[in-house]
Amino acid sequence: MADTAITVEEVRKRYGDTQALDGLDLTVARGTVHGVLGPNGAGKTTLVRILSTLLRPDSGRVEVAGHDVVRQAREVRLRIGLLGQHAALDEELGGRQNLELFGRLHHLGARHARVRADELLERFDLTATGRKPVRAFSGGMRRRLDLAASLIGNRDGTDPEVLFLDEPTTGLDPRGRAEVWSAVRSLVGGGTTVVLTTQYLEEADQLADRISVVDRGRVIADGTVDELKALTGGDRIDVVLRDAGLLGAALALLPLPAADVTVDPDRRLLSAPVTDRMAALSAVVRALEEAGVEAEDVALRRPTLDEVFLHLTGHDDRTKETV
Ligand SMILES: Nc1ncnc2c1ncn2[C@@H]1O[C@H](COP(=O)(O)OP(=O)(O)O)[C@@H](O)[C@H]1O
Ligand SMILES: [Mg+2]
């Protein structure tokens, strides 16, 4: 189908005893951003490596940009870009030199490589870095340069049809993260289909049209962000009391579904899903006032990945290790 950029059917991949992908299915519409959301070890990188022809699946069917990743790997490679978890930049060279080098490696002529490098520097707001060596870049600058480098692969110097971003903001501070988000958004306008893996619900929320939640090598839910959040019961209200000793009393008096309230004594916190945000907020504030229970904070928020996960899987086995 011309409207489909990626089809993954029943893909399995095993490393020794580890079933990294266990019958994974995925369909990505052309020109959209698709988020693959899951904890460490879920199989995200394995999926990206298969989609980008770096790894063969044990079984199943995978098509990218109209070509089979195993039988037509060359055709696929001509049409894709990949931003891996670690990119191969030369630390001593500046941004422009790195991009020109990448362009030459990908068989662009010298002049063409220079033009494309300048265009990408401009596009990702890196022109001002001049000759500054990459080792002196901030995390956000470096990641934007990685992104530019991942786009240079196409022989004709145009954007790839499909771009894979494997955890593009892991390890960045909030500012770097915001810079990368805006760079990704600028890509999508050009018609490129983007597959983005992430551990952050907020990131998928910011960037993705649709999301597949992956756990233990399978898709356990997919849909738009709002659809996924609705599955978990929508938004939540957090109530932080001044006095942890009043948590029990507050639980009894607040107009919240008692069975769904979670209590965290260390943070003096009650948290519960809400359906009507504003009604819940004002009812909670009023009930606290009437009972004379002092709150330090009352806030509405969207569920976290942990909560979405817990709800979808019934287990919370996110490993907290950092990559
Ligand atoms: N080269 C490998 N050899 C053995 N096990 C691996 C290898 N790569 C990944 N795994 C295992 O496969 C599972 C999925 O890993 P990965 O695709 O890297 O997940 P994610 O990117 O979501 O963190 C994990 O249990 C991981 O330990
Ligand atoms: Mg990974």
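Higher on the page you've got the structure.
Residues numbered from 1 in each chain as written. Chains lettered and ligands numbered in written order. Predicted model: local features only at pLDDT ≥ 70, side-chain atom pairs only at ≥ 80, totals over all residues. Heavy atoms only, no water.

Which parts of the structure should I look at to understand the site of ligand 1?
Taken together, Y15, T18, A20, P39, N40, G41, A42, G43, K44, T45 and T46 are the residues near ligand 1. G41 places a main-chain nitrogen or oxygen 2.6 Å from an oxygen atom of ligand 1. T46 has a polar side-chain atom sitting 2.6 Å from an oxygen atom of ligand 1. At the level of elements, β2 (18–29) and α1 (44–51) are the ones that each hand at least two residues to the shell around ligand 1. No other element matches α1, which puts three residues into the shell around ligand 1. Taken together, the residues that form the shell around ligand 1 break down as four nonpolar, six polar and one charged. (Near = heavy atom within 4 Å. Polar contact = N/O pair within 3.5 Å; in protein donor to acceptor, adjacent residues only side chain to side chain. Helix = DSSP H or I, 4+ residues; strand = E, 2+ residues; numbered from the N terminus. Nonpolar A, V, L, I, M, F, W, Y, C, P; charged D, E, K, R; others polar.)

Help me understand the sheet that holds strand β1 (residues 4–15) in this model?
Strand pairing in a sheet is mediated by backbone hydrogen bonds. Such pairs are either parallel or antiparallel. Judged by pairing direction, the sheet is antiparallel, and its four strands sit side by side in the order β2-β1-β4-β5 without closing on themselves. Two strands in the sheet have a free side with no partner beyond their single neighbour: β2 and β5 (67–68). Pairing between β1 and strand β4 (residues 59–64): five bridges, direction antiparallel. The residue of β4 that forms the bridge with I6 is V64. (Pairing = 2+ DSSP bridges.)

Help me understand the environment of T127, please; the structure alone is not making it clear to me.
Checked against the element boundaries, T127 lands in the loop between α4 (110–123) and α5 (139–151). Between the C-alpha atoms of T127 and A117, which are ten residues apart in sequence, the distance is 9.8 Å. Those residues in contact with T127 that sit more than four places away from it in its chain are L121 and E122. (Contact = heavy atoms within 4.5 Å.)

Whenever I open this one, the packing of helix α3 (residues 95–105) against α5 confuses me. Can you help?
A packed helix pair is summarised by two numbers, namely the angle formed by the two axes and the spacing between the axes. Two elements in contact, α3 and α5, have axes whose closest approach is 9 Å; the angle formed by their N-to-C orientations is 25°. On the basis of their axis angle, the class for α3 and α5 is roughly parallel. Helix-helix and strand crossings are classified by hand; for α3 and α5 the assignment is right-handed. Where α3 approaches α5, its residues G95, N98, L99 and F102 are matched on the opposing element by L145, A148 and A149. Considered class by class, the residues forming the contact of α3 with α5 number five nonpolar, two polar and no charged. (Axes fitted to C-alpha atoms, helices over the stretch in contact; angles between N-to-C directions. Parallel < 35°, antiparallel > 145°, perpendicular 65-115°, else oblique. Left-handed = near helix turned anticlockwise from the far one by under 90°.)

How do you make sense of the sheet that holds strand β9 (residues 210–215) when you look at a structure like this?
Strands sit in the order β6-β7-β8-β3-β9-β10 across an open sheet of six strands; the sheet is mixed. Looking along the sheet, the strands with just one partner apiece sit at the ends: β6 (80–83) and β10 (218–223). This sheet shows a mean twist of 15° between the axes of neighbouring strands, independent of strand direction. Here β9 pairs with β10 via five bridges, running antiparallel. Each bridged residue has a counterpart across the sheet, and for I211 the counterpart in β10 is G223. Running over the sheet, α1 touches β3 (33–37), β6, β7 (162–166) and β8 (193–198) and is turned about 155° from β7. Strands β6 and β7 of the sheet are contacted by α5, whose axis makes an angle of about 155° with β6.

What exactly am I supposed to notice about the packing of aromatic side chains here?
For any two aromatic rings, the description comes down to two numbers: the centre-to-centre distance and the angle of the planes. Summed over the entire model, instances satisfying the criterion amount to zero aromatic pairs. The ring of Y200 carries R177 above its face, with NZ or CZ at 4.1 Å from the centroid. (Phe/Tyr/Trp six-rings, centres within 6.5 Å; stacked < 30°, edge-to-face > 60°. Lys NZ or Arg CZ within 6 Å of the ring centre and 35° of its normal.)

Explanation requested: the pattern of salt bridges in the structure shown.
Think of it this way: side chains of opposite charge can pair up when their charged atoms draw near. Scanning all chains against the criterion turns up 29 salt bridges. Residue E9 is joined to R61 by a salt bridge in which the shortest nitrogen-to-oxygen separation is 3.1 Å. With E9 in strand β1 and R61 in strand β4, the pair connects residues that are 52 residues apart, well separated along the chain. Taking relative accessible area as the criterion, E9 reaches 36% and is therefore assigned partly exposed. Taking relative accessible area as the criterion, R61 reaches 33% and is therefore assigned partly exposed. For E161, the salt bridge is made with R79, and the minimal N-O distance between the two is 3.5 Å. One end of the pair, E161, is in the loop between α5 and β7; the other, R79, is in the loop between α2 (73–77) and β6, and 82 residues separate them in sequence. (Salt bridge = Lys/Arg side-chain N within 4 Å of Asp/Glu carboxyl O. Buried < 20%, exposed > 50% of the residue type's maximum accessible area, 1.4 Å probe, protein only.)

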